[in-house]
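# Structural description and commentary
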Amino acid sequence: MTAAAEPALAERLARAIALGGPIPVSQFMAAANAHYYATRDPLGAGGDFTTAPEISQMFGELIGAWAADLWDRAGQPAVAWVELGPGRGTLTADALRVMARAGLTPPVHLVETSPTLRQAQAERVAHATWHDTLATLPADVPLIVVANEFFDALPIRQLVRAGGGWHERLVACQDTLFLPIAGAGIPDTIIPPALRDAAPGSIIETSPASVAIMADLSARIVDQGGAALVIDYGYDGPAVGDTLQAVRGHAYANPFADPGEIDLTAHVDMATLGLVATASGARLSGTTGQGAFLRALGIDQRAAALGERVAADRARLVDDMGTLFRVIAVSHSDWPQPAGFA
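Criteria and thresholds
- Residues numbered from 1 in each chain as written.
- Predicted model: local features only at pLDDT ≥ 70, side-chain atom pairs only at ≥ 80, totals over all residues.
- Heavy atoms only, no water.
- Core = buried A, V, L, I, M, F, W, Y, C linked by side-chain atoms within 4.5 Å.
- Buried < 20%, exposed > 50% of the residue type's maximum accessible area, 1.4 Å probe, protein only.
- Helix = DSSP H or I, 4+ residues; strand = E, 2+ residues; numbered from the N terminus.
- Contact = heavy atoms within 4.5 Å.
- Phe/Tyr/Trp six-rings, centres within 6.5 Å; stacked < 30°, edge-to-face > 60°.
- Polar contact = N/O pair within 3.5 Å; in protein donor to acceptor, adjacent residues only side chain to side chain.
- Pairing = 2+ DSSP bridges.
- Right-handed = clockwise from strand over helix to strand, strands pointing away.

## Some thoughts on the nonpolar core
- Counting 43 residues, the largest nonpolar core has Trp66, Trp81 and Leu229 as the members making the most contacts within it.
- With nine residues, helix 4 (residues 57–73) is the largest single contributor of residues to this core.
- Not counting chain neighbours up to four residues away, the residues in contact with Trp66 comprise Ile144, Ala227, Leu229, Phe293, Leu297, Ala329, Pro338 and Ala339.
- Leu84, Val111, Leu134 and Ile221 belong to the second-largest nonpolar core, a separate cluster that totals 27 residues.

See the structure below:
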């Protein structure tokens, strides 16, 4: 007898809400993205969105040059290369090509849970070692870590001001329609003082998952040496604003519709990640805009060398994405200052 097909994620979430009541936005987002990334390759023209490494080889090449420069100035120690959420593996493949020309050929470790994306990564970086979490990364050598558009997909918690106080924002379900509502009140003491009297309807976002990963990553760098480069669209918070968004077919969509079938992301509070890193004892560089960072690494010269065919790609990376995307680096205090930051 053939086993019954598992109900769709939307049906399972609706059933859970019917039985247990509305769920936090963070739980909804975590479930939706876990299913989404496990079941497809979302990148490229035929997918839902395009990341910087897929726009142009220049992006990964410059990050490879950034890593090689840092490694060289650190005395060329044995290191491991790590990418968090590596997409199709394009960034790592482009970076490795440049690093090899500088004499840096590190073992590659990719933190990725999606079987579909792991297969795509293996086609570009066949010799990689894959990890489900940071817990199994090497602990005996310095790490050079890159997280490009990784933190934006981690679940966020939303707090909304309503009725004179702050409330957890929850997701309810009515007739298979998911919608956000204000849940139980929370103490004002957990809200940053400058934001406590925000206007009704204001939303504050936090990401405990992002904080936990940055704390783990920073502690590893302090203990082992090395550096981590974080690139994502974000802001220097805390701040008021609803940044939860969905993309489908390269167009914005309702983030509460079709859970598991659309990409859910939120802007990253880079200032909070930086505070977590420094609290761990790591050195922080940035934040700076992606455009300024790439220009400091020489993207204009690289684009000129490649010719007119990459002019549009350079403009997209530096101008279109240049201020929306923010960059920080976290490094061991004994390592050289990473390039790209004024």
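## Quick word on the packing of aromatic side chains
- Evaluated as defined, the whole model comprises six aromatic pairs.
- With a centroid separation of 5.1 Å and an interplanar angle of 90 degrees, the aromatic rings of Tyr36 and Tyr37 are classed as edge-to-face.
- Tyr36 sits in the buried class, given a relative accessible area of 0%.
- Centre to centre, the rings of Phe293 and Phe341 are 5.4 Å apart; their planes meet at 45 degrees, and the pair counts as tilted. One end of the pair, Phe293, is in helix 9 (residues 290–297); the other, Phe341, is in the segment after strand 16 (325–331), and 48 residues separate them in sequence. With respect to class, Phe293 is no different from Phe341; both count as buried.

## Concerning the side chain of Glu168
- Relative to the elements of secondary structure, Glu168 occurs in strand 7 (residues 165–174).
- Using a relative accessible area of 13% as the deciding quantity, one classes Glu168 as buried.
- A polar side-chain atom of Glu168 sits 2.7 Å from a polar atom in the side chain of Arg157.
- In this structure Glu168 touches Pro24, Arg157, Gln158, Leu159, Ile181, Ala182, Gly183, Ala184 and Ile186, once residues within four positions along its chain are discounted.

## Here's the deal with the environment of Asp188
- On the secondary structure map, Asp188 appears in the loop between strand 8 (177–186) and strand 9 (203–206).
- In this structure, the C-alpha to C-alpha distance between Asp188 and Arg220, residues 32 residues apart in sequence, is 34 Å.
- Every residue in contact with Asp188, bar those within four places of it in the chain, is listed here: Trp166 and Arg196.

## Section: the pairing of strand 3 (residues 108–111)
- Of the two faces of strand 3, the one carrying Val108 and Leu110 and the one carrying His109 and Val111 are both buried.
- Bridge count for strand 2 (residues 80–84) against strand 3 is four bridges, and the pairing is parallel. Counted as the bridge partner of Val82 is His109 from strand 3.
- Traced from strand 3 through helix 6 (residues 115–124) to strand 4 (residues 129–131), the parallel crossover comes out right-handed.

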